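Understanding the architecture of this molecule
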Amino acid sequence: MRHDLPAVVLDLSATGIGIVRSLAEQGIKVYAFDTETKKKIGKTRYASCGVCPNPVSEEEKLIEHLTRLGQTFEEKAVLYAGSDDYVRFISKYRDQLSLNYLFLLPDHSLIEAVLDKRLTYDLSVKYNVPCPKTFLIDDEDHLERIVSEVMFPCILKPVISSNFRNRIDHHLYRKAILVENPVQLREEYLFYSRFGELMIQEVIPGEEASIYSVKTLFDEEMNLIGLWMNQKLHQFPPDFGSTAMALSIRDEDVINMAVPFLRNIKLKGLSIAEFKRDERDGKLKFIEINPRIGLTQRLSIACGVNLAYLNYLLVTGQNPSPVTKQTEGIKWVYLVRDFLSFRQNKKNGKMTITEWIKSLSGHKVEALFSWKDPLPFIRSFVSHIRYLWTRK
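In what follows, the accompanying structure is described. Given the structure is predicted, the values throughout are model-derived calculations rather than measurements. (Residues numbered from 1 in each chain as written. Predicted model: local features only at pLDDT ≥ 70, side-chain atom pairs only at ≥ 80, totals over all residues. Heavy atoms only, no water.)

Some details on the overall build of the protein
Along the protein, the regular secondary structure elements total 16 helices and 16 strands. The globule rule puts the C-alpha radius of gyration for 392 residues at 21 Å, and the 20 Å found for the protein is close to it. Taking the principal axes of its C-alpha atoms as reference, the protein extends roughly 60 × 45 × 40 Å. Counting across all 392 residues of the protein, residues that qualify as buried make up 56%. Of all intrachain contacts in the protein linking residues separated by at least 6 positions in sequence, the fraction that spans at least 24 positions is 67%. Split by element, the accessible area of the protein, about 17900 Å² in all, is 51% carbon and sulfur. Averaging the coordinates of the 53 positive side-chain charges in the protein and doing the same for the 49 negative ones gives two points 6 Å apart. (Helix = DSSP H or I, 4+ residues; strand = E, 2+ residues; numbered from the N terminus. Rg over C-alpha atoms; globule rule 2.2 N^0.38 Å. Buried < 20%, exposed > 50% of the residue type's maximum accessible area, 1.4 Å probe, protein only. Contact = heavy atoms within 4.5 Å. Areas by Shrake-Rupley, 256 points an atom, 1.4 Å probe, with all protein chains shown as cover. Lys, Arg positive; Asp, Glu negative; His and termini not counted. Charge placed at Lys NZ, Arg CZ, Asp CG, Glu CD.)

Focus on unusual backbone geometry
Most peptide bonds take the trans configuration, and most residues that are not glycine carry a negative phi. Omega for the bond connecting Phe152 with Pro153 falls within 30 degrees of zero, at 0°, which places this linkage in the cis form. Its place among the elements puts Pro153 in the loop between α8 (140-146) and β7 (154-158). In this chain, Phe236 is followed by Pro237 through a cis amide linkage whose omega measures -5°. Here Pro237 shows up in the loop between β11 (224-236) and β12 (242-248). One non-glycine residue, Met222, lies in positive phi territory at about 65°. Mapped onto the elements, Met222 comes out in the loop between β10 (211-218) and β11. Relative accessible area serves as the criterion here: at 11%, Met222 is assigned to the buried category. Look at Asn319: it is not a glycine, yet its phi comes out positive at around 45°.

Quick word on the sheet that holds strand β6 (residues 134-136)
If you trace the four strands from one edge of the open sheet to the other, you get β6-β9-β7-β8, paired in antiparallel fashion. A strand with exactly one partner marks an edge of an open sheet, and here the two such strands are β6 and β8 (177-179). Averaged over all adjacent pairs, the angle separating strand axes in this sheet is 25°, with direction ignored. Two strands pair when backbone bridges link them, and β7 and β8 are joined in this way by three bridges, in the antiparallel orientation. The residue of β8 that forms the bridge with Leu156 is Ile177. Packed on one face of the sheet, helix α10 (residues 182-192) meets β7, β8 and β9 (198-202) and runs near 150° to β8. (Pairing = 2+ DSSP bridges. Axes fitted to C-alpha atoms, helices over the stretch in contact; angles between N-to-C directions.)

Quick look at the pairing of strand β2 (residues 30-34)
Buried residues dominate β2, accounting for four of its five residues. Note that strand β1 (residues 7-10) and β2 share four bridges and pair parallel. Each bridged residue has a counterpart across the sheet, and for Val9 the counterpart in β2 is Ala32. In this fold, β1 hands off to helix α1 (residues 14-24), which returns the chain to β2; that crossover is right-handed. Bridging between β2 and strand β3 (residues 48-51) involves four bridges; their strand directions are parallel. When the bridges of β3 are listed, Tyr31 appears paired with Ser48. With helix α2 (residues 36-42) bridging β2 and the parallel β3, this β-α-β connection has right-handed handedness. (Right-handed = clockwise from strand over helix to strand, strands pointing away.)

This is the structure in structure tokens:
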């Protein structure tokens, strides 16, 4: 296999570091960039790391940065995005970036659709994929007209998470807001609508372990090149947060819902499709899609389906053989987030210290920790604790 083409990874969160290590361990030269604060925390010895302009507020500067970098390579480099902001940026400027970089993305209209929860909801309805009952809110008057139709509790969430996150102070940002009654709904809407468009969604009953993510890589013709999946065990914040602990597991019901849906919408390249099993009827409900590699990339390697590396082989024209069988029963843990999740669950009477320690048993990989590269783990741990203290 040819490994001499460099890779450029935009993102130095745990997701980006997972991509970097996946490629560097194959002998590929990796360059990784993120905004200054994130670069300070995520800098890794597995890559040549640097600061880059913000993909949302400094688009032109970022294009210039990547163009200058790309011109230093003898051949095109493989470009990766570790966050939705970078995905949208690469997709928007794909024509310019393709002069110096190799990447595989679906049409820009589809990228916008899967990053906009209103349009994603429309896609799920169009292709008859079960999903939570959803209300789109135009304005305060519209909220008053539909509030009588809303079943409580419900969740209030941003239509475009990345845009919302970039406009609001990080102390106030929440992925989803649990709302217990109409009075709270009005209050939360009035406060959060200043930062972006919002929608109301039915709460799907079930524990965190009812949530499944299917990770895929499709080629230009929508042939499946890589597939694996995991079950979410813990998340932070609890109830509506990002994965803190996951388990490598294969569930054919989830795969048989995800793969045809992704093929129907022609989501070539990398993607994550998330579903939750409704405890009321045992049926799967579609949650969201992200057109990129996910946070649990380190588990991808451990279970035998290295999507980052398969993508490298695919876009460099090396025709990788499909890999769709995975090793089950391996846990992935983002230790600092899992600890913070435990603290909150313990406070709410949902978990004991014994239960948490027991959950850490078994064959597992850590999101960031590596004996060969310990500093990203240490810096991330300190950053999370400092954030928690500041929020307190």
